[in-house]
Amino acid sequence: MDMRLSNRAVLEVRGLTKRFGGLTAVKNLGFEVNSGEIFGLIGPNGSGKSTAMKSVMGIERPTSGEVIFEGEDVAGLPAHKIARKGFGMVFQHSRPLNRQTVLENIMVALLPDSLFMLFPDKALVERAKWIAERVGLGNVMNRRPPTLPFADLRRLELAKAIARDPKVVLVDEPFAGLTRAEVDIFSDLIRSFRDDGRAVMLVDHNVKSVAALVDRVLAMYLGEEIVTGKAEDVMRNETVRRVYLGGAIETHARPETSFRDKVPLLQVENVSVFYGKAQALENVSIHVHEGEFVSVVGLNGAGKTTLFNTISGFLPYSGKIVRGGNKLRGTSPAKIARSGLVQCPESRELFGEMSVRENLDLGGQHLSDDKRAAQLAWLFELFPILKERQGQMAQTLSGGEQQMLAIGRALMMQPQILILDEPTLGLAPVILEQLSKALTKLRQTTAITVLLGEQNVTFALPHADRVYVLEHARIVWEGDPGRFASEAGADFL
Amino acid sequence: MAGFFTSRLFFISLALVVIAATLPLYVSGYVLGLLTVAFYFGVFAMAWDLLFGFAGEVNFGPTFLIGVGAYTAGILNAQFGWSVYACIVLGAFASVVAGLVLALPALRVRGPYFGLTTLVAVLMLQNFIVVFADLTGGEIGLTIPDVISINAGTNYWIALGFMTISAAILYGLSQSPVGLVLQASGQDPVQAGALGFNIVKHKLAAFIVSAFFSGLSGALLVFYFGTASVGTVVDVAVGVNVIVSAVLGGRRTVLGAALGAIFLIVAGEFLRPTGELATFIVSAVALLVVLFFPGGFLGAALSREARS
């Protein structure tokens, strides 16, 4: 590598903006990455970091801004052209060619973009073998992907991304689904890319998980940069702390002993869930009393949604889930929901082309006409905006209104236990306040038991009677929300 | 790729072709005629599998490509008296042009819309043939004056040879580096793009190759039948048979598609005594295979090998 070049930024991003319709996912983002540097792009779920990475790679077309690679603006080019210029991307989810061997899968990445390459080149085979050795796939080169463990499939993704010797390597959530030991090995591999003189850009949720690896970090929130700097400085930054931990949090916990039921209403005991080879939940046990408000906090990918989907009956699991003395295993998701254990999913799952009213009526479909009218009147008191929007198509609502509709539809089912999965995802602070007020009212005026999953601690703690922290598929902390910041807060930066 | 010539699949295929080549020595002309049609159908199904199995695009209108090839060849011969071989070559060429005109806009749309576009193309072609009856023979069909040969054995050998060569080319292509890129594009277009492959270019090429073999096979079939009619080379039902053949035989196997086509046509004939029920029984078998063995005949065998 030329010394002069190594001191200059290989990748410069200026004024990068990406809009999807009315939503601005990335707003005027600017940063540079030097060769021989690991740069982290950090932000909570929905902050726009993945969109920023995809815009750099050309998978999403930036609305405006420049992506300058070695002095040339590549913004707006299709992904395959940007890749040929010297970019490689490590995807979080992989779909390798299952009938080809590991070596052949790597070879695909080495092929030219030509329609006339009918016979493989011997030199490519040698190069593919070298790359396989390099990422630690030397022993399994001739096996086919379905027979490999999860970590080896991730290695294969690394191999493909660096196959054509890119100057810039983009890595989407490098450690998702890996065990502690594997995280160390992958960290070493990514460091070795830096030592080759490549510019490495990582995307992850929190600073802590990549702090040991990155040279510099840019923390972003709601599409905008908060601060850029060394990992420890970013962790100390006031705004970053507020985004992740919130300011002073007032909690209103009721002690667990105040709940009358001797046996908790919902018990999850030693539940484990696998997605193929990746373990999503490991011996998770939680319980919820009747009328209690329990928050499960954890970063994106920790396993919250998996836990909720398991409780709702969507996933096969080992262990036990008991509600009111009855085991839930073998009960269909529809039956579980109808019996009063209702989930409001992270993805909202609204019927986009139906009106607000139709969405709500579907939720209350099993009620008699007068009961449904009464429930609707109560709901419109809780979310007055939904009353105004009754005739509007659900997909034309703003993000916050959609979230209220999703919660509203779940409430129309008259739940005994309401599961709320990441209701704050991608919402502006002012909307959070409205949602927060509605939850307060729900807690004070109804007997509904609530299980809330959140990565936004500020939102999750004020309402909670009890808190669980979920990290890497395991429950690592349980306790009073008042003790959270001092005992578990540090992990959330 | 090099390993293919020593693989079990190669020796089985070779043995099957050799046995098939000796059939005219001891079976009746009726059986030969049946297999001749089956072989041309085998090429339709293999060409279709290249698009569905590898490029990941479902072409609901294989008979658009087949029909354009067949009718171009037929019309040039019947109305203009061009020689059989020129007609066949031009039929294949017309199919490529038609495929290009269809695919260029259709590949820009995602998901089910590509399939719908191809389906509409078939209906348009069918309509065109019926409306311009003076040129195309309309609903009655077009009588073709020339044939390649009147000898059942010769026709059979031509069909077998054509299918064998087509299979070798299409299978070779599917296993070549280009085939791998195509498969990667079909499976995960975003990642294939990020690896530096122009996905639209590769899919378009696959469409052209598929169109070429469909058109060529359609043109040959017309000169075997001596007629071109909507019911034999254009109707949506014919296209469904092609698709069912490929799926029965096994997605992403190319060779399986030919097996599926032969099975479908021979089984249909065997069941002829059951009358109207024949179609029903064949469809039911196809449905069961799709539901319970989505890998198809050859797909199931190959994926068992992949796991071991």
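Residues numbered from 1 in each chain as written. Chains lettered and ligands numbered in written order. Predicted model: local features only at pLDDT ≥ 70, side-chain atom pairs only at ≥ 80, totals over all residues.

## Thoughts on the overall build of chain B
Inference 1: Helix and strand counts for chain B stand at 15 helices and two strands.
Inference 2: The C-alpha radius of gyration of chain B comes to 19 Å, within 12% of the 19 Å expected for a compact globule of 308 residues.
Inference 3: In terms of overall dimensions, chain B has a C-alpha envelope of 50 × 45 × 35 Å along the principal axes.
Inference 4: By the burial criterion, 50% of the 308 residues in chain B qualify as buried.
Inference 5: Sequence separation of 24 or more characterises 77% of the internal contacts of chain B that already satisfy a separation of 6 or more. (Helix = DSSP H or I, 4+ residues; strand = E, 2+ residues; numbered from the N terminus. Rg over C-alpha atoms; globule rule 2.2 N^0.38 Å. Buried ≥ 20, exposed ≤ 12 C-beta atoms within 10 Å, placed from the backbone. Contact = placed C-beta atoms within 7 Å.)

## Here's the deal with the overall build of chain A
Inference 1: Across its full length, chain A carries 19 helices and 20 strands.
Inference 2: Radius of gyration (C-alpha) of chain A: 25 Å, near the 23 Å computed for a compact globule of 493 residues.
Inference 3: For chain A, the residues scored as buried account for 44% of the 493 residues in total.
Inference 4: Put simply, 69% of the contacts in chain A that link residues at least 6 apart link residues at least 24 apart.

## Some remarks on the confidence of the model for chain B
Residues and elements named next belong to chain B.
Inference 1: Summary statistics for chain B give a mean pLDDT of 89 and a share of 96% for residues scoring 70 or more.
Inference 2: Taken element by element, chain B is modelled with least confidence in helix α15 (residues 296–307), mean pLDDT 68, and with most confidence in helix α3 (residues 62–80), mean pLDDT 95.
Inference 3: Under the prediction, the complex receives an ipTM of 0.83, its pTM being 0.78. (pLDDT = per-residue confidence, 0-100.)

## A word on the sheet that holds strand β16 (residues 341–344) of chain A
All names here are of chain A.
Inference 1: The six strands lie next to each other as β16-β17-β18-β13-β19-β20, forming an open sheet whose pairing is mixed. In the strand order of this sheet, the two ends are held by β16 and β20 (474–479), each with one partner. Sheet twist, expressed as the mean angle between neighbouring strand axes with direction ignored, is 20°.
Inference 2: Bridging between strand β13 (residues 293–297) and strand β19 (residues 466–471) involves four bridges; their strand directions are parallel. Within the sheet, the bridge partner assigned to Val294 lies in β19 and is Arg466. (Pairing = 2+ DSSP bridges. Axes fitted to C-alpha atoms, helices over the stretch in contact; angles between N-to-C directions.)

## Notes on the interface of chain A and chain B
Inference 1: Counting from both sides, the interface comprises 29 residues of chain A and, opposite them, 22 residues of chain B.
Inference 2: At the level of secondary structure, the elements contributing two or more residues to the side of chain A that touches chain B comprise α3 (79–86) and α4 (102–110) of chain A.
Inference 3: Here the side of chain A that touches chain B gets four residues from one element, more than from any other, and that element is α3 of chain A.
Inference 4: Of the residues belonging to the side of chain A that touches chain B, the class tally is 17 nonpolar, four polar and eight charged. (Nonpolar A, V, L, I, M, F, W, Y, C, P; charged D, E, K, R; others polar.)

## So, the packing of α3 of chain B against helix α5 (residues 112–131) of chain B
All names here are of chain B.
Inference 1: Packing of α3 against α5 brings their axes to within 8 Å, and their N-to-C directions diverge by 30°. As judged from the angle between their axes, α3 and α5 are roughly parallel. Contacts between α3 and α5 involve Thr63, Phe64, Gly67, Val68 and Tyr71 from the first element and Thr118, Ala121, Val122, Leu125 and Ile129 from the second.
Inference 2: Class assignment of the residues belonging to the contact of α3 with α5 gives a composition of seven nonpolar, three polar and no charged. (Parallel < 35°, antiparallel > 145°, perpendicular 65-115°, else oblique.)

## Concerning the environment of Leu104 of chain B
Inference 1: Here Leu104 of chain B is to be found in helix α4 (residues 84–106).
Inference 2: Take Leu104 of chain B: there are 12 C-beta atoms within 10 Å of it, and that puts it in the exposed class.

## Focus on the sheet that holds strand β6 (residues 87–90) of chain A
Whether parallel or antiparallel, the strands of a sheet pair through hydrogen bonds between backbone atoms.
All names here are of chain A.
Inference 1: Taken in spatial order, the six strands line up as β6-β7-β8-β3-β9-β10 in an open sheet, and their pairing is mixed. The open sheet has two edge strands with one neighbour each: β6 and β10 (224–229). Neighbour-to-neighbour, the strand axes of the sheet open up by a mean angle of 20°, direction not taken into account.
Inference 2: The sheet contact formed by β6 and strand β7 (residues 168–172) spans four bridges and is parallel. Among the inter-strand pairings, Phe87 is bridged to a residue of β7, identified as Val168.
Inference 3: Against the sheet, helix α6 (residues 150–162) makes contact with β6 and β7, and its axis sits at roughly 170° relative to β6, the strand it touches most.

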